[in-house]
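Summary of the model geometry
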Amino acid sequence: MSTVLTLTEHRPLRGVRLTSSQAHALTMSQLVTVLPESDGRWCVNADHELVGSVRLDTRGGPIDLHITPKLPVQRLFFLLAYAQGGMDWYREAVQVQQHEALLPAIAHAFARMCERALGQGVLMGYRTVEESAHTLRGRMRTAEQTRHRFGQLLPMEIRYDDHTMDIAENRILFTAARTLLRSPGTAPATRSLLRRILVRLAGVTPLPSNQKPPAWQANRLNIRFHNPLRLAELILNSRSYEFGDHRTLRADGLVLRMWHVFEDFVIRALSESLSSAGGRCRLQDPRFHLDHERTVQLRPDLVYEPPGFGGPTGVVDAKYKKAKSQGGHTRDLYQMLAYCTRLNLTDGHLVYAAAPKTIGDRYRLHGDRGVTVHQHALDLDTAPEELLAQVDAIAEAVRSSS
């Protein structure tokens, strides 16, 4: 029997019965914070901005840990799709609103998209094969033959292109389906669809657990697989996580870093809105350093350069936290002041994931340039069209900066 823990992001769960080994494993995972209470009970808090589902094996028995985002799953799914460049995820009729947890929604969406794509046939392609053989196929690798066979004619070192289903696209889909089948919380109906995917792709070589998804080239031949492939890459990239002290947690499941999802969405949506009126947006711009020796690198989330200006006029940083009504977040203001000072700007923009009822919209900072930091907040729990309209308003404020 496994211990099931269902948490909501940033909401502590009190009075949880855990063994000391289970509490230790949860602490070491760095997915949650675990604090002792009385009578052998524990307080578990999902305060690390991570959401999803994993199964952890401990000496006290397995733990199925489910961390639900504060946002409705349908809203989070839109942020994920937009940030990944695949808005069709949201528009597809995958019925994510039926799922309250993140992983079942992603598993269901992935299975449905794969079912539709594979229903038109399995994707085939060419793969370059290098091997030793007693019959010539393709071309002989003369250098390898000389180096390894020392003048012998057989076997021959050859290279040829094989028309096969064991290509990068199918390996990614196959491995993602296997990952979701092993994950806790996947619904029985979804599991049935995932098994059908594995049957359709029987003979495909799965990817090693420690290997990133191989590169694949989007083209007209694999166009129907673009959306499931992007979602599969998200699934596979979320299988293992690097934590402090150089530890790697490997668990069956999927966990997303909410700050990463939010920041990816903000900078992509802002970049598209700003670029629609001309100019260029540089994301995670590494060109600037705080010191003359170029040892302290600055990486603002977005730097905007309007057409014909010859340099940046706007800088934006996204923060997955609630804006403060008075005084602002001091560290964020220091950071934006550094960006504006180095980029020689008088205005900087901070974008937060939420705001109190009353929010100071700007802070005029001391200094020779008189930097003004503008504070924006997005209402994420709203319809996609309204959310993108909020982003357009922030883009207009960035364009108006000088």
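All figures in this text were calculated on a predicted structure; none of them were measured in a lab. (Residues numbered from 1 in each chain as written. Predicted model: local features only at pLDDT ≥ 70, side-chain atom pairs only at ≥ 80, totals over all residues. Heavy atoms only, no water.)

With the rule as written, the count across this model stands at 12 salt bridges. Notably, a salt bridge pairs Glu115 with Arg196, separated by 3.1 Å at the nearest N-O pair. Of the two residues, Glu115 is situated in helix α4 (residues 102-118) and Arg196 in helix α7 (residues 188-200); the sequence distance between them amounts to 81 residues. Assessed through its relative accessible area of 31%, Glu115 is described here as partly exposed. When the shortest N-O distance is used, the salt bridge between Asp285 and Arg287 registers 2.7 Å. Residue classification places Asp285 among the buried positions, given a relative accessible area of 1%. Beyond isolated ion pairs, a larger network of salt bridges with shared partners links Arg280, Arg282, Asp285, Arg287 and Glu305. (Salt bridge = Lys/Arg side-chain N within 4 Å of Asp/Glu carboxyl O. Helix = DSSP H or I, 4+ residues; strand = E, 2+ residues; numbered from the N terminus. Buried < 20%, exposed > 50% of the residue type's maximum accessible area, 1.4 Å probe, protein only.)

What follows covers unusual backbone geometry. In the Ramachandran plot, Gln30 falls in the positive-phi region, its phi being about 60° despite a non-glycine side chain. The exposure class of Gln30 is partly exposed, given its relative accessible area of 24%. Positive phi, close to 60°, is recorded for Glu49, a residue that is not glycine. Secondary-structure assignment places Glu49 in the loop between β4 (41-45) and β5 (50-56).

Before going further, it helps to examine the environment of Asp166. Within the fold, Asp166 resides in the loop between β9 (156-164) and α6 (168-182). As for Asp166 and Pro206, which are separated by 40 residues in sequence, their C-alpha atoms are 9.3 Å apart. When near neighbours in sequence (up to four residues on either side) are disregarded, Asp166 contacts Arg127, Arg171, Gly203, Val204 and Thr205. At 2.8 Å, the side chain of Asp166 and the side chain of Thr205 are in polar contact. (Contact = heavy atoms within 4.5 Å. Polar contact = N/O pair within 3.5 Å; in protein donor to acceptor, adjacent residues only side chain to side chain.)

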